[in-house]
Amino acid sequence: MLTNIRLISVREYHKMAEMGIFHPEERLELIAGQIIRMSAKGTAHESAITRTERLLRQRLGDKVLLRIQSPVQLDDYSEPEPDISVVKLNPLDYEDHHPNASEVFLLIEIADSSLKYDREVKANAYAKSGIIEYWILDVNGRKLYMYRLPSPDGYHSESILAEDVTISPLAFPDCAIAIRELLRKV
């Protein structure tokens, strides 16, 4: 294990972006003080985001703010960009800050090529910061990974659900969603 690594803070990461160190088209996120290059978005990934966003808007309406591939600040060293963030309403629409863990109801990642990373790295980061619920929609395996009960050691509840199951977010138990509604047609 390397012990002489210089971690980058969220503040430094923002400053680097302002200075033009990153190419405007470069897809990056900050996890645990490290700048991570995000994988390219495929068509299955994009269509699953569209379906999931549409369904959540229909079911949750104006109870929440949905943010698509927008930053969430987990701590001073992590600012990932989940595919979908279901967050508390904010009078300024988060103009003055990115949502933090206490403002997040649910984070969703869509995985076509990133399943291992989303399950291992992102789940750990989200649990440590106290994100109460995290879903990974596996478009290739046609499953949903549902994580709940966060702790500094990771999530204490992980369920792998088949496409024929109906679920509801913890914060919105009356919002029933059939997993197959989120997946592409076969």
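The coordinates are above.
For the structure given in this document, a descriptive report is provided here. Bear in mind the structure is a predicted one, so any value in this text is a computation, not a measurement.

Details of a nonpolar patch on the surface
On the surface, Ile 5, Leu 7 and Tyr 77 cluster together into a nonpolar patch covering about 260 Å² of accessible area. Take Tyr 77: it is sitting in the loop between β3 (65–68) and β4 (84–87). Note on Tyr 77: relative accessible area 36%, which makes it partly exposed.

Quick notes on the side chain of Ser 129
Assignment of secondary structure puts Ser 129 in helix α3 (residues 115–129). In this structure the side chain of Ser 129 is engaged in a polar contact, spanning 3.0 Å, whose partner is the backbone oxygen of Tyr 126. Among all residues touching Ser 129, those that are not within four sequence positions of it are Leu 74 and Ala 101.

Brief notes about the pattern of salt bridges
Under the criterion given, the structure shown has eleven salt bridges. Between Glu 53 and Arg 57 there is a salt bridge, and its shortest N-O distance comes to 2.7 Å. Of this pair, Glu 53 and Arg 57 are both found in helix α2 (residues 43–60), four residues apart, which corresponds to roughly one turn of the helix. According to the relative accessible area criterion, Arg 57 is partly exposed, its value standing at 42%. A single salt-bridge network, built from bridges that share partners, covers Glu 29, Glu 109 and Lys 122.

Side note on the pairing of strand β6 (residues 133–138)
Across the six residues that make up β6, a large majority, six, are buried. This β-α-β element, strand β5 (residues 104–111) to α3 to β6, shows right-handed connectivity. In this sheet, strand β7 (residues 143–151) lies alongside β6 in antiparallel orientation, the contact comprising six bridges. Pairing of Trp 135 across the sheet is with Met 146, part of β7. The antiparallel pairing of β6 with β7 creates a hairpin that spans four residues between the two strands, and Arg 142 there sits at a positive phi of about 55°.

Some points on the side chain of Lys 122
One can find Lys 122 in helix α3. One polar contact links Lys 122 to Glu 109, side chain to side chain, over a distance of 2.8 Å. Discounting residues that sit within four places of it in the chain, Lys 122 has contacts with Glu 29, Ile 31, Pro 80, Glu 81, Glu 109, Tyr 117 and Tyr 134.

What to know about unusual backbone geometry
Unlike most non-glycine residues, Gln 69 shows phi in positive territory, near 50°. Topologically, Gln 69 is positioned in the loop between β3 and β4. Note on Gln 69: relative accessible area 19%, which makes it buried. One non-glycine residue with positive phi stands out, namely Arg 142, at about 55°. By the element assignment, Arg 142 lies in the loop between β6 and β7. Classification of Arg 142 as buried rests on a relative accessible area of 17%.

About the thresholds
Residues numbered from 1 in each chain as written. Predicted model: local features only at pLDDT ≥ 70, side-chain atom pairs only at ≥ 80, totals over all residues. Heavy atoms only, no water. Patch = residues over 30% accessible without salt bridge, like charges linked within 9 Å, V, L, I, M, F, W, Y side chains within 5 Å. Areas by Shrake-Rupley, 256 points an atom, 1.4 Å probe, with all protein chains shown as cover. Salt bridge = Lys/Arg side-chain N within 4 Å of Asp/Glu carboxyl O. Helix = DSSP H or I, 4+ residues; strand = E, 2+ residues; numbered from the N terminus. Buried < 20%, exposed > 50% of the residue type's maximum accessible area, 1.4 Å probe, protein only. Polar contact = N/O pair within 3.5 Å; in protein donor to acceptor, adjacent residues only side chain to side chain. Contact = heavy atoms within 4.5 Å. Right-handed = clockwise from strand over helix to strand, strands pointing away. Pairing = 2+ DSSP bridges.

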